[in-house]
Amino acid sequence: MKLFGIKFNFLLVVIFCFGFLGNVNASECTEKDIEELKAIAEKITFSREFTDNGAEQNNYGFILTGYNLNKNLILSFPNGLDFFSENEEEKIGYFQNNRSLKIEVYASEHHVCDSTKITTLNVIFPAYNTYSDREECKNKEIDICQKWYDSSDVTEEEFKKIINESNEFEIPEKENKVLKFIFDNRYFLLGSFIIVFIIFVIIFTKRKKNKVKIDL
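Residues numbered from 1 in each chain as written. Predicted model: local features only at pLDDT ≥ 70, side-chain atom pairs only at ≥ 80, totals over all residues. Heavy atoms only, no water.

Quick one: what's the story with a negative patch on the surface, residue by residue and with numbers?
Residues Asp 150, Asp 153, Glu 157 and Glu 158 make up a contiguous surface patch of negative charge. For Glu 158, the location among the structural elements is in helix H3 (residues 156-168). Glu 158 gets classed as partly exposed once you look at its relative accessible area, which sits at 39%. (Patch = residues over 30% accessible without salt bridge, like charges linked within 9 Å, V, L, I, M, F, W, Y side chains within 5 Å. Areas by Shrake-Rupley, 256 points an atom, 1.4 Å probe, with all protein chains shown as cover. Salt bridge = Lys/Arg side-chain N within 4 Å of Asp/Glu carboxyl O. Lys, Arg positive; Asp, Glu negative; His and termini not counted. Charge placed at Lys NZ, Arg CZ, Asp CG, Glu CD. Helix = DSSP H or I, 4+ residues; strand = E, 2+ residues; numbered from the N terminus. Buried < 20%, exposed > 50% of the residue type's maximum accessible area, 1.4 Å probe, protein only.)

In structure tokens form, the structure reads like this:
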């Protein structure tokens, strides 16, 4: 009877140990877990909505919205923002233009891999060109007049110089467009000229014959 009790206690200890090890393994972050989270993170996308609410301070920027977000992931931004959402789509915040962000993605506390780095995402906010709104840029296609051209190093004097130089080339450019049109349509124009010339010759010949008949 005593031997039976010892065996029974030993069996309980064995069962307890296996159960304990099972729980440890169940709460352990594996490479498979990380790969699964990485696959989820790579589906995250962003949209950038331009805003010029701070135009008076030249504080142009973008409202960033995230899509395919997941509660098991945290987005860590360089400005110190750690963004977490249980919604698949949500506005993240305001970011200034003309910068590139590297967003570190970590597992959240809702996942067994809590605080483990999963991957890095990149978002680019293009430079907003304040010169593009100027009257001098109206109907111009040069770089300095493009909305998303980085003009941060272009001074007012340099801007005016570029505009003046472009104005000097506007007339020749129009002439070039005319010449290009003629060249591109040369066969059509030549054929039209030949047809008109033949019609003129026929009309002239008929009139000459009629005049001769009348004289006779």
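From this point, the narrative continues.
How would you summarise the state of the cysteines if you had to cite specific residues and measurements?
In this structure the tally under the stated criterion is two disulfides. Here Cys 29 is linked by a disulfide to Cys 113, with a sulfur-sulfur distance of 1.9 Å. Taking the sign of the torsion about the S-S bond as the criterion, the disulfide between Cys 29 and Cys 113, at about 95°, is right-handed. One end of the pair, Cys 29, is in the loop between helix H1 (2-26) and helix H2 (31-41); the other, Cys 113, is in the loop between strand S6 (99-107) and strand S7 (117-125), with 84 residues separating them in the sequence. The class for Cys 29 is partly exposed, based on a relative accessible area of 28%. Taking the relative accessible area as the measure of exposure, Cys 113 reaches 0% and is therefore buried. In this model, Cys 137 is linked to Cys 145 through a disulfide, with the two sulfur atoms separated by 2.0 Å. Its torsion about the S-S bond being -75°, the disulfide of Cys 137 and Cys 145 is classed as left-handed. The pair Cys 137 / Cys 145 is uniform in exposure class, with both members buried. Each disulfide in the protein links cysteines that, numbered along the sequence, combine into the pattern 1-2, 3-4. (Disulfide = S-S within 2.5 Å.)

Describe the confidence of the model for the protein, listing the residues and the values that go with them.
Scored by pLDDT, the protein comes out at a mean of 82, with 75% of its residues at no less than 70. Confidence, read as mean pLDDT per element, is least for H1 in the protein (45) and greatest for strand S3 (residues 73-76) (97). Low pLDDT, under 50, characterises residues 1-5; the predicted model gives this stretch zero contacts beyond four residues in sequence or across chains. Contacts from residues 10-26, a stretch scored under 50 in pLDDT, to residues over four places away or in other chains number one contact. (pLDDT = per-residue confidence, 0-100. Contact = heavy atoms within 4.5 Å.)

Tell me about H2, and please be specific about residues and values.
Within H2, the full set of buried residues consists of Asp 33, Ile 34, Leu 37 and Ala 41. Considered in projection along H2, the buried side chains sweep an arc of 95° and stay on one side of the axis. Along H2, the residues that are exposed and aim more than 90 degrees away from the buried face are Glu 31 and Lys 32. Those residues of H2 that are buried lie in contact with S3, S6 and S7. (Arc of directions from axis to C-beta.)

Can you explain the pairing of S3? Please cite residues and give values.
Of the pairings in the sheet, the one linking S3 to S6 comprises four bridges and is antiparallel in character. If you follow Leu 73 over to S6, its bridge partner there is Ala 107. Bridge analysis of S3 against strand S4 (residues 82-83) gives two bridges, and the strand direction is antiparallel. Counted as the bridge partner of Ser 76 is Asp 82 from S4. Hairpin remark: S3 followed by S4, antiparallel, with five residues in the connecting loop; positive phi at Gly 80, about 95°. (Pairing = 2+ DSSP bridges.)

Outline a nonpolar patch on the surface, listing residues and values.
On the surface, Leu 190, Phe 193, Ile 194, Phe 197, Ile 198, Phe 200, Val 201, Ile 202 and Phe 204 cluster together to form a nonpolar patch covering roughly 910 Å² of accessible area. Within the secondary structure layout, Val 201 lies in helix H5 (residues 186-215). The exposure class assigned to Val 201 is partly exposed, which follows from its relative accessible area of 34%.

Give a description of unusual backbone geometry that names residues and reports values.
Unlike most non-glycine residues, Ser 115 shows phi in positive territory, near 75°. As for its placement among the helices and strands, Ser 115 is situated in the loop between S6 and S7. On the basis of relative accessibility, which here comes to 53%, the residue Ser 115 falls in the exposed class.

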